[in-house]
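Below, each chain spelled out in residue letters.
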Amino acid sequence: MRITAVTCVKNEGPFLLEWIAFNRLLGVTDFLFYSNDCTDGTDTLLDALAARGGVVHLPNPAKGRNYQMEALKDAAHQPVVRDADWVWIADVDEFLNIHVGDHTIPALIAACGNPHAISVTFQFFANAGVDRFEDSPVIGQFTRSHNPDLWCSDTAIEVKTLVRRDFPLKYYGAHRPFFREGLPAQRHPAWTDGSGRGVPPKFLSAANPRRMRRFPASGARVHATLNHYALRSLDSYLVKNNRGDVNREHRAFDDTYWRARNDPAFEDRSILRYLPALTKALDHLKADHGIAALHDACCRAHMARAEALRAQPEYARMAAHLKALPPYPPEEWALMQSLGYVA
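Here goes a summary of the coordinates provided. (Residues numbered from 1 in each chain as written. Predicted model: local features only at pLDDT ≥ 70, side-chain atom pairs only at ≥ 80, totals over all residues. Heavy atoms only, no water.)

Using the criterion set out here, one finds 21 salt bridges in the structure. Between E12 and R243 there is a salt bridge, with the nearest N and O atoms lying 3.0 Å from each other. With a gap of 231 residues between them, E12 in the loop between β1 (3-9) and α1 (16-26) and R243 in helix α8 (residues 234-243) connect regions that are remote in the sequence. With respect to class, E12 is no different from R243; both count as buried. In this structure, R132 engages D235 in a salt bridge whose closest nitrogen and oxygen atoms are separated by 3.4 Å. With R132 in the loop between β6 (117-124) and α6 (138-141) and D235 in helix α8, the pair connects residues that are 103 residues apart, well separated along the chain. (Salt bridge = Lys/Arg side-chain N within 4 Å of Asp/Glu carboxyl O. Helix = DSSP H or I, 4+ residues; strand = E, 2+ residues; numbered from the N terminus. Buried < 20%, exposed > 50% of the residue type's maximum accessible area, 1.4 Å probe, protein only.)

Take a look at the structure:
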């Protein structure tokens, strides 16, 4: 089975090797990376990986527009995507955590009945007080998250989607594919959630604009969860705030974004099942001294950028503010205050 992972990156150098190694454990065979405006060595590391095979690295084709959607439009025409049996579109801070069989994508596909698409629900992992960047697997550093079925006050949570090559595709979206309008009902794709259940009809046909990329999370993770490490360490969050959103312009990573995702109410260590094999895979990648040197350079650039930002009054205030915030989403904190549980 040929599985291609597609992603967009900007200054994600320290995290590339883990994401590639982890996805290879899942059964991903090929990678298509689009990069733009990198200053930490991300593009140089990707070029080196591409020269060794299994990775395609292209400049993002967007010209001041929606970076991710322009890249996905281009990706649909790339041989590494066209020739794949399945396409997995995700970000470098997202890890597909498969609970069934041998914990690979083929096992997930089999458990879901081999549909045309499988949409797996997010679970947002909190910073949980991790201050400094550490060059060790992200999946091992962060194990606290919100209640899996309730994020802030919302029971409908976003998804990312595995897409089979014969999906009646109109275009790839960042969270789900879209099929052609007017497609007869009998030709609609078979499409499941991460438990193998059919997705809601309005999600299937994108009939509800407010929920085009999400549906109720309750019971949707029997076979798989999408672990989203959107915050990582405070160091990395400051760098992310300064970098901006790799996928679209003018999106701010402020305290609202932080508070919504920094809910440590629930502990989930299930992804640690992959950690021993991941550690070996990373050691194998770093046995290539050229790759190891480029990875280390990315880490040094990341740490230097974090230190430079902390030295700026604006970012020093931001760091202090984020550390002082209550570790609850805004809606939950407001409810606790209204009930008198906190002052």
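Further remarks concern the packing of α8 against helix α12 (residues 313-324). Between two packed helices, both the angle of their axes relative to each other and the distance between the axes serve to describe the pair. Two elements in contact, α8 and α12, have axes separated by 11 Å at closest approach and are oriented at 130°. Compared by their axis directions, α8 and α12 come out oblique. As α8 packs across α12, the resulting crossing turns out to be right-handed. On the side of α8, the interface is formed by L234, Y237, L238, N241 and N242, while α12 contributes Y315, M318, A319, L322 and K323. (Axes fitted to C-alpha atoms, helices over the stretch in contact; angles between N-to-C directions. Parallel < 35°, antiparallel > 145°, perpendicular 65-115°, else oblique. Left-handed = near helix turned anticlockwise from the far one by under 90°. Contact = heavy atoms within 4.5 Å.)

Turning next to the pairing of strand β4 (residues 86-89). When a strand is regular, its side chains alternate between the sheet's two faces. Side chains W86 and W88 project from β4 onto one buried face, and the interleaved V87 and I89 project onto a second face that is buried too. As defined by bridge partners, β1 adjoins β4 across 4 bridges and the pair is classed as parallel. Bridge pairing links V6 to I89 in β4. Here β4 runs beside strand β8 (residues 156-164); their pairing, made up of 3 bridges, is antiparallel. When the bridges of β8 are listed, W88 appears paired with L162. (Pairing = 2+ DSSP bridges.)

Here the focus is the nonpolar core. Judged by nonpolar contacts, the single largest core of 58 residues is most densely connected at F33, L96, I105 and L108. Take this core: its biggest share by element is 7 residues, from α1. Counting residues in hydrophobic clusters, the runner-up holds 26 residues, among them V6, Y34, L72 and V80. (Core = buried A, V, L, I, M, F, W, Y, C linked by side-chain atoms within 4.5 Å.)

This paragraph deals with α1. In terms of burial, α1 is largely enclosed, as 9 of its 11 residues are buried. For α1, every residue scored as buried is listed here: L16, L17, E18, W19, I20, A21, F22, N23 and L26. Just downstream of α1 lies G27, where phi reads positive at about 115°.

For the structure on display, the rule yields 17 aromatic pairs. With a centroid separation of 5.4 Å and 25° between ring planes, the pair formed by F122 and F124 is classed as stacked. Overall, F122 belongs to the buried group, its relative accessible area being 1%. The interplanar angle of 75° and the centroid separation of 5.4 Å between the aromatic rings of W191 and F203 together place this pair among those described as edge-to-face. (Phe/Tyr/Trp six-rings, centres within 6.5 Å; stacked < 30°, edge-to-face > 60°.)

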